[in-house]
Amino acid sequence: VQLVESGGGLVQAGGSLRLSCAASGSISSINTMGWYRQAPGKQRELVAGITSGGSINYADSVKGRFTISRDNAKNTVHLQMNSLKPEDTAVYYCNARIVTGLWEYVYWGQGTQVTVSS
């Protein structure tokens, strides 16, 4: 099983980016999918998560600006990021709890850099 991310880049403050993550491999089902980020010198933090049933939670710092969505049929999760701020600069990681066979495992993507210039 692997998670492949795309969509990072450099954007000016106030701009938008859309991150995508696709899961592939021997997948029975996917429970929670989400996005984390890690800025230099800081701990990795949850940005947004979405369950298989569609329940969503966001970090307070991104509420009203970011939108997470998923396509269960395609095993993908997306993060639409609007009104970006320089403090959103970080490496963004896709995360998924995936059931393969009988067990659930946590998988991470390789990370994609998001840089917001002021």
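(A) Here's a closer look at the pairing of strand β11 (residues 112-117). Of the two faces of β11, only the one carrying Thr 112, Val 114 and Val 116 is buried; Gln 113, Thr 115 and Ser 117 on the other face are not. Of the pairings in the sheet, the one linking strand β2 (residues 9-12) to β11 comprises four bridges and is parallel in character. The residue of β11 that forms the bridge with Leu 10 is Thr 115. Where strand β9 (residues 90-100) lies against β11, three bridges are found, and the strand directions are antiparallel. Paired with Ala 90 across the two strands is Val 114, which belongs to β11.

(B) Layout of the state of the cysteines. Counted according to the given criterion, the structure contains one disulfide. Linked covalently through their sulfurs, Cys 21 and Cys 94 form a disulfide whose S-S length is 2.1 Å. Across the S-S bond linking Cys 21 and Cys 94, the dihedral sits near -80°, which makes this disulfide left-handed. Taken together, the positions of Cys 21 in strand β3 (residues 17-24) and Cys 94 in strand β9 put the pair 73 residues apart, joining distant regions of the chain.

(C) Representation of the side chain of Thr 76 in the model. Structurally, Thr 76 can be placed in strand β8 (residues 76-81). A relative accessible area of 12% places Thr 76 in the buried class.

(D) Quick look at the environment of Ala 48. Structurally, Ala 48 is set in strand β5 (residues 45-50). Since its relative accessible area comes to 0%, Ala 48 is described here as buried. Distance in space between the C-alpha atoms of Ala 48 and Ser 83 is 16 Å, their sequence separation being 35 residues. Those residues in contact with Ala 48, other than ones at most four positions away along the chain, are Met 33, Gly 34, Trp 35, Asn 57, Tyr 58, Ile 68 and Leu 79.

(E) Just the packing of aromatic side chains, in detail. Evaluated as defined, the whole model comprises three aromatic pairs. Residues Tyr 36 and Trp 108 carry aromatic rings whose centres are separated by 5.0 Å and whose planes lie at 65° to one another, so their mutual orientation is edge-to-face. Of the two residues, Tyr 36 sits in strand β4 (residues 29-38) while Trp 108 sits in strand β10 (residues 103-108), which places them 72 residues apart along the sequence. When its relative accessible area of 23% is taken as the criterion, Tyr 36 is described as partly exposed. An aromatic cluster is present here, built from Tyr 36, Tyr 93 and Trp 108 joined pairwise through their rings. One Lys or Arg, Arg 44, reaches over the ring of Tyr 93 and ends 3.7 Å from the middle of that ring. For Arg 44, the ring lying beneath its charged end belongs to Trp 108, and the centroid distance is 4.6 Å.

About the criteria used
- Residues numbered from 1 in each chain as written.
- Predicted model: local features only at pLDDT ≥ 70, side-chain atom pairs only at ≥ 80, totals over all residues.
- Heavy atoms only, no water.
- Buried < 20%, exposed > 50% of the residue type's maximum accessible area, 1.4 Å probe, protein only.
- Helix = DSSP H or I, 4+ residues; strand = E, 2+ residues; numbered from the N terminus.
- Pairing = 2+ DSSP bridges.
- Disulfide = S-S within 2.5 Å.
- Contact = heavy atoms within 4.5 Å.
- Phe/Tyr/Trp six-rings, centres within 6.5 Å; stacked < 30°, edge-to-face > 60°.
- Lys NZ or Arg CZ within 6 Å of the ring centre and 35° of its normal.

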